[in-house]
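# Structural features, examined
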Amino acid sequence: MHIRNQEELEKAVKLYSDRRHGNYSVYNYLFTRGDIEFRCKNICGWELKAAKTNGNGFRITGYGSAHTCKPANVGSGFLA
């Protein structure tokens, strides 16, 4: 999967996480290589890795298991 920029990548991960009722946190921003890793705050095993492409975009390079933790607090912005 190809994402246009870092902002869209973060929005996509947040939307996925909210729909799966999971909390996530960004663990690593490796700016020199352009890698980003997202992991669940509750250590349920979910993770997603993305690498910067030659342009400004990112591509998904790794995906762990689905969220299995308790529902997160979904904000009014998501519900709207």
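The sections below set out a description of the structure shown in this document. None of these values were measured; they are calculated from a predicted model. (Residues numbered from 1 in each chain as written. Predicted model: local features only at pLDDT ≥ 70, side-chain atom pairs only at ≥ 80, totals over all residues. Heavy atoms only, no water.)

### Here we look at the pattern of salt bridges
Condition: Think of a salt bridge as a Lys or Arg side-chain nitrogen and an Asp or Glu carboxyl oxygen that are within 4 Å of each other.
Inspection of every chain in the model, using the stated rule, returns four salt bridges. One salt bridge in this structure joins R39 and E37, with 2.5 Å as the shortest N-O distance. Linked through salt bridges whose partners overlap, the residues forming this network are E37, R39 and E47.

### Digging into helix α1 (residues 6–19)
Selection criterion: Helix and strand assignments come from DSSP, with helices taken as H or I runs of at least 4 residues and strands as E runs of at least 2, each series counted from the N terminus. Each helix should span, by expectation, one fewer than its residue count multiplied by 1.5 Å. Note on exposure labels: buried denotes an accessible area under 20% of the residue type's maximum, exposed denotes more than 50%, and partly exposed covers the range between, all computed with a 1.4 Å probe on protein chains only. Note that the arc is defined by the directions from the helix axis to the C-beta atoms. In protein, a polar contact means a hydrogen-donor-capable atom and an acceptor-capable atom, both N or O and within 3.5 Å, with residues adjacent in sequence counting only if both atoms are side-chain atoms; elsewhere, any N or O pair within 3.5 Å suffices.
With 14 residues, α1 ought to run about 20 Å at 1.5 Å a step, and its terminal C-alpha atoms sit 20 Å apart, in line with that. Within α1, the full set of buried residues consists of L9, V13, S17 and D18. One face of α1 carries all of its buried residues, which in axial projection span an arc of 160°. More than 90 degrees from the buried face of α1, the exposed residues found are K11 and R19. Of the residues flanking the start of α1, the one acting as N-cap is N5, its side-chain oxygen 3.2 Å from the backbone nitrogen of E7.

### What to know about the nonpolar core
Defined as follows: Residues enter a nonpolar core if they are buried and are Ala, Val, Leu, Ile, Met, Phe, Trp, Tyr or Cys, with the set joined through side-chain atoms within 4.5 Å. For this analysis, residues touch if any pair of their heavy atoms sits within 4.5 Å.
In terms of nonpolar packing, the biggest core is built from 13 residues, with L9, V13, F38 and W46 touching the most fellow members. Where this core is concerned, the elements lending two or more residues are α1, β3 (35–40) and β4 (47–52). Here this core takes three residues from β3, the largest share from any one element. Here L9 is in contact with I3, I36, F38, A50, F58 and I60, once residues within four sequence places are set aside.

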